[in-house]
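Spelled out from the first residue to the last, the chains are:
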Amino acid sequence: MDREDSEHSILGLDGRTALVSGAGNGIGRVCALALASLGVRVAVVDIDAEAARSVADEITSAGDHAIAIGADVRQSDDAQRMVDATVESLGGLDICVNNAGGMLEHKRSRFLDATPEFIEDMLDLNLGAVFRCGQIEARSMLERKTGGSIINVSSLGGIRAVRGVNAYGAAKAGVIQLTRTMAVELGPLGIRTNAIAPGTTLTRAVDDTTAARALETTAAVNPLRRLAHPEDMAGAVIFLASDLSRYVNGQCIAIDGGFEASVGVIARAKT
Ligand SMILES: NC(=O)c1ccc[n+]([C@@H]2O[C@H](COP(=O)([O-])OP(=O)(O)OC[C@H]3O[C@@H](n4cnc5c(N)ncnc54)[C@H](O)[C@@H]3O)[C@@H](O)[C@H]2O)c1
């Protein structure tokens, strides 16, 4: 066995199947590409079916295995269809990355100005959909008695408070607690559930919602002196998907360059 084969067998990912939602862009796309490069057969799911197709093509043209599924994770019928199509086309479902989410359409609203529609939409996309997709995914894993690993994408905004990030922050905090309860309820059934909490990551979502000046300041106060790239998220997702994390359950890994650990350093950014 050469070194590459032995690294692959430590991970135990070769031949497994994964569903990554919101994989047409940004963090989800990079996670789908990374899993596929390690021998995982990947269902690339996105509400933007064309974006999903383009990422699936990127994977297959590199010689790896992927299918594209257009689905809106907020709709239970779509969520059921994406899970069924994954199992049917790829032969199973071992890994789910519940990544679809964000603040894209609504931008930000101050707490006092948040409308009922804004609150409801933000909670539904960023928490309700993760809950419902998680149920459907876990039921499918249980039906086939294969066990599995579910990875929910939370946010540093669910750990630290940011002005104007109220409903999104509450939803992402909810994802961390939901992850813990899923871990407790599904662990005995052979399914591990963990989360990642990305810090500010340079994707189109951030380009669309955050002023350049605010990004510069955020990078300057980060202990690693830069913002994250989507590629920075893939390592933790691979770890949580793989056998390396076989005794890790109910955890949320902040991938933020140490920002969450650095409470109070903002005033000292220039030192
Ligand atoms: N970028 C950041 O700074 C950051 C920080 C913390 C957490 N996150 C979280 O990471 C995840 C990915 O964010 P990103 O920055 O890569 O965003 P992105 O906008 O680059 O990609 C998100 C993808 O999700 C898809 N999507 C949106 N709504 C969907 C739905 N209802 N059903 C299916 N697909 C849907 C979009 O079409 C898009 O392709 C989100 O959950 C986001 O909240 C991002």
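As shown above, the structure is provided for reference.
Keep in mind it's a predicted model, so treat the numbers as computed, not measured.

Draft legend 1. Representation of the overall build of the chain in the model. Looking only at helices and strands, the chain has nine helices and seven strands in total. For 271 residues, the compact-globule estimate of 2.2 N^0.38 gives 18 Å, and the chain sits close to it at 18 Å. Once the C-alpha set of the chain is aligned to its principal axes, its extents read approximately 50 × 45 × 40 Å. Expressed as a percentage of its 271 residues, the buried residues of the chain come to 48%. Long-range pairs, those at least 24 residues apart, make up 73% of the contacts in the chain with a sequence separation of at least 6. In the form shown here, the chain has an accessible surface area of approximately 13,300 Å², with 52% of it arising from carbon and sulfur atoms. Charged side chains of the chain number 26 positive and 34 negative; the gap between the two group centres comes to 8 Å.

Draft legend 2. Structural context of the side chain of Asp-78. Examined against the element boundaries, Asp-78 turns out to sit in helix H4 (residues 76-90). For Asp-78, a relative accessible area of 19% puts it in the buried group. There is a polar contact of 2.7 Å between the side chain of Asp-78 and the backbone nitrogen of Asp-72.

Draft legend 3. Spatial organisation of the pattern of salt bridges. For the structure on display, the rule yields eight salt bridges. Put simply, Arg-29 and Glu-58 hold a salt bridge, and the shortest N to O gap is 2.7 Å. Remark: Glu-58 occurs in helix H3 (residues 49-61) and Arg-29 occurs in helix H2 (residues 26-37); sequence separation between them is 29 residues. For Arg-29, a relative accessible area of 26% puts it in the partly exposed group. Overall, Glu-58 belongs to the partly exposed group, its relative accessible area being 31%. Two residues, Arg-53 and Asp-57, come together in a salt bridge whose shortest N-O distance is 3.1 Å. Here Asp-57 and Arg-53 lie together in helix H3, a separation of four residues that amounts to about one turn. For Arg-53, a relative accessible area of 41% translates into the label partly exposed.

Conventions we followed
Residues numbered from 1 in each chain as written. Predicted model: local features only at pLDDT ≥ 70, side-chain atom pairs only at ≥ 80, totals over all residues. Heavy atoms only, no water. Helix = DSSP H or I, 4+ residues; strand = E, 2+ residues; numbered from the N terminus. Rg over C-alpha atoms; globule rule 2.2 N^0.38 Å. Buried < 20%, exposed > 50% of the residue type's maximum accessible area, 1.4 Å probe, protein only. Contact = heavy atoms within 4.5 Å. Areas by Shrake-Rupley, 256 points an atom, 1.4 Å probe, with all protein chains shown as cover. Lys, Arg positive; Asp, Glu negative; His and termini not counted. Charge placed at Lys NZ, Arg CZ, Asp CG, Glu CD. Polar contact = N/O pair within 3.5 Å; in protein donor to acceptor, adjacent residues only side chain to side chain. Salt bridge = Lys/Arg side-chain N within 4 Å of Asp/Glu carboxyl O.

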